Amino acid sequence: MGRRGVHVSRAEPLVLGIETSCDETGIGIVRGRTLLSNTIASSMDEHARYGGVVPEVAARAHLEALQPSIEAALAESGVQLADLDAVAVTSGPGLAGALMVGVGAAKALSVSLDKPLYAVNHLVGHIAADILDAEAAPLEYPTVALLVSGGHTSLLLVRDLTTDVELLGETMDDAAGEAFDKVARLLGLPYPGGPEIDRAAASGDPKAIAFPRGLSRASDMARHRYDFSFSGLKTAVARWVEQRKALGEPVPVADVAASFREAVVDVLVTKALAACRDHDVPRLLLGGGVIANRRLREVALERAEAEGVTVRIPPLSLCTDNGAMIAALTSELIMSGRAPSTLEFGADSTLPVTEIQVAESA
């Protein structure tokens, strides 16, 4: 185990990343900033019957998917475990039981292979996904990052990917993805809600219903300028639907979906661009699975262009939770001279975004 306690200095380290923070078992392999494999096994179908992610089901699915996913990633990349320079894993944030499966597997691989181990932050990994885009120019700093997923909605100021990430604001209740799932259920649409709301909204009028924009009033902006709240919006949709049903009137699903989606998108983009203006940063990076929402991308690009802000969006295949982003972040840490993590870490469901790497060796 001698290699874990020393600095790893390689120009293009070969890293295997493990991501198990929620319902997707992600194994990624990168060499430097080159993506070799992005293997994902999703347990979404198993959660669909419950209308949301069940932590125990997710953890069990990770256990079953890890070994075949690692084998598939190795086969796709054409490398052997012995070739690796390091193993990387998400330490948090996420579902505690799900994280524990990945952390345990990563430690076992590190010890058995005598390879350095890096425990890193899931949210910062979403930012690192951008550097795997071979078509994009290098990421410039500082940049504002808006991360929107099923479990997280966060607004970050990234001065340096490996040393300085500041949390500007985050969701105070439901994450945007959770709100999509809950509203989809109200409208009788299947899980996961994001794609279903998107499809329903395509034929709806986004101005049909004036749903509230959470934490956007002047009084809210003074205290929670960069924070998000979608619980009130979800409740407003529920009451509107209930009133229609009570009157015996049909629910215009397309209009409700479009108006709800527009409210979410408006808040996300407004607060992100406010952060860009306030910090004089003409760059906005979008990440997380909800970025797959077509309307969110459209509005962000349109409004950012009007304000002279450049928008970066990683390939959509790297926006959902994946092991490649964890490997990419670790590769950057290695190339910047950071020492590996010790084995003295565990799953941390509330790991703060400012802690980019966990338990770094002295």
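Residues numbered from 1 in each chain as written. Predicted model: local features only at pLDDT ≥ 70, side-chain atom pairs only at ≥ 80, totals over all residues. Heavy atoms only, no water.

**Overview of the packing of helix H5 (residues 176-186) against helix H9 (residues 253-278)**
Where H5 meets H9, the axes come as close as 11 Å, and the angle between the chain directions of the two elements is 170 degrees. Judged by the angle between their axes, H5 and H9 are roughly antiparallel. For the pair H5 and H9, the contacting residues are Ala-176, Ala-179, Phe-180 and Val-183 in the first and Phe-260, Arg-261 and Val-264 in the second. Classifying every residue of the contact of H5 with H9 gives six nonpolar, no polar and one charged. (Axes fitted to C-alpha atoms, helices over the stretch in contact; angles between N-to-C directions. Helix = DSSP H or I, 4+ residues; strand = E, 2+ residues; numbered from the N terminus. Parallel < 35°, antiparallel > 145°, perpendicular 65-115°, else oblique. Contact = heavy atoms within 4.5 Å. Nonpolar A, V, L, I, M, F, W, Y, C, P; charged D, E, K, R; others polar.)

**Some details on the packing of H5 against helix H8 (residues 231-246)**
Two numbers describe how H5 lies on H8: the axes approach to 10 Å, and their chain directions differ by 5 degrees. One way to sum up the angle between H5 and H8 is to call them roughly parallel. Counted together, Lys-182, Val-183 and Leu-186 of H5 and Lys-234, Val-237, Ala-238, Val-241 and Lys-245 of H8 form the full contact between these two elements. Within the contact of H5 with H8, the residues separate by chemical class into five nonpolar, no polar and three charged.

**Topic: the side chain of Ser-37**
The topology assignment puts Ser-37 in strand S3 (residues 34-42). The residues touching Ser-37, leaving out its near neighbours within four places in the chain, are Ile-27, Gly-28, Ile-29, Ala-73, Glu-76, Ser-77 and Ala-324.

**Overview of the pattern of salt bridges**
Enumeration over the complete set of coordinates arrives at 19 salt bridges. The salt bridge involving Glu-196 is made with Arg-199; its shortest N-O contact spans 2.7 Å. With Glu-196 and Arg-199 both in helix H6 (residues 193-201), this residue pair falls three residues apart, about one helical turn. Across the pair Arg-303 and Asp-266 runs a salt bridge whose closest N-O atoms are separated by 3.0 Å. (Salt bridge = Lys/Arg side-chain N within 4 Å of Asp/Glu carboxyl O.)

**Thoughts on the sheet that holds strand S9 (residues 283-287)**
Ordered in space as S8-S7-S6-S9-S10, the five strands form an open sheet in which the pairing is mixed. The open sheet terminates on both sides in strands that have one partner only, identified here as strand S8 (164-170) and strand S10 (310-312). The average angle at which neighbouring strand axes cross in this sheet is 25 degrees, direction not considered. As paired strands, strand S7 (residues 153-160) and S8 are joined by six bridges and run antiparallel to one another. Along S8, the bridge assignment pairs Ser-154 with Glu-170. (Pairing = 2+ DSSP bridges.)

**Details of the sheet that holds strand S4 (residues 86-92)**
Strand pairing in a sheet is mediated by backbone hydrogen bonds. Such pairs are either parallel or antiparallel. Reading across the sheet, the six strands line up as S3-S2-S1-S4-S5-S11 and stay open at both edges, with mixed pairing between neighbours. Each of the sheet's edge strands pairs with one partner strand only, and the pair in question is S3 and strand S11 (357-358). Note that strand S2 (residues 24-31) and S3 share eight bridges and pair antiparallel. Paired with Ile-27 across the two strands is Thr-39, which belongs to S3. The sheet strands contacting helix H2 (residues 55-77) are strand S1 (14-19), S2 and S3, and the helix crosses S2 at an angle near 25 degrees. Contacts between helix H11 (residues 323-335) and the sheet are confined to S1, S2, S3, S4, strand S5 (117-121) and S11, with S1 contributing the most and set at about 135 degrees to the helix.

**A look at the environment of Val-183**
Inspection of the secondary structure puts Val-183 in helix H5. The exposure class of Val-183 is buried, given its relative accessible area of 0%. Separated by 74 residues in sequence, Val-183 and Ala-257 place their C-alpha atoms 8.1 Å apart. When neighbours within four sequence positions are excluded, Val-183 is seen to be in contact with Ile-197, Lys-234, Val-237 and Phe-260. (Buried < 20%, exposed > 50% of the residue type's maximum accessible area, 1.4 Å probe, protein only.)

**So, the packing of aromatic side chains**
Per the stated rule, a full pass over the model turns up two aromatic pairs. Taking 5.1 Å as the distance between ring centres and 75 degrees as the angle between the ring planes, the aromatic pair formed by Phe-180 and Phe-260 counts as edge-to-face. Remark: Phe-260 occurs in helix H9 and Phe-180 occurs in helix H5; sequence separation between them is 80 residues. Considered together, Phe-180 and Phe-260 belong to a single accessibility category, that of buried residues. Lys-107 extends its terminal NZ or CZ atom over the ring of Phe-345, reaching a point 4.6 Å from the ring centre. (Phe/Tyr/Trp six-rings, centres within 6.5 Å; stacked < 30°, edge-to-face > 60°. Lys NZ or Arg CZ within 6 Å of the ring centre and 35° of its normal.)

**Some points on the nonpolar core**
Counting residues in hydrophobic clusters, the biggest one holds 49 residues, and the most contacted among them are Leu-146, Leu-155, Phe-260 and Leu-284. Among the elements of the structure, strand S6 (143-148), S7, H5, H6, H8, H9, S9 and helix H10 (294-306) are those that each provide at least two residues to this core. A per-element tally of this core places H9 first, with 14 residues. Setting aside residues no more than four positions away along its own chain, Leu-146 makes contact with Ser-154, Leu-155, Phe-228, Leu-268, Ala-272, Leu-284, Leu-285, Leu-286 and Gly-287. Core analysis: the next-biggest nonpolar cluster, separate from the first, contains 32 residues, Ala-86, Val-120, Ala-145 and Ala-328 among them. (Core = buried A, V, L, I, M, F, W, Y, C linked by side-chain atoms within 4.5 Å.)

**Quick notes on the environment of Gly-289**
Mapped onto the elements, Gly-289 comes out in the loop between S9 and H10. Exposure remark for Gly-289: the relative accessible area of 27% places this residue in the partly exposed category. For Gly-289 and Gln-243, which are 46 residues apart along the polypeptide, the C-alpha to C-alpha distance reads 32 Å. Those residues in contact with Gly-289 that sit more than four places away from it in its chain are Val-148, Ser-149, Cys-319 and Thr-320.

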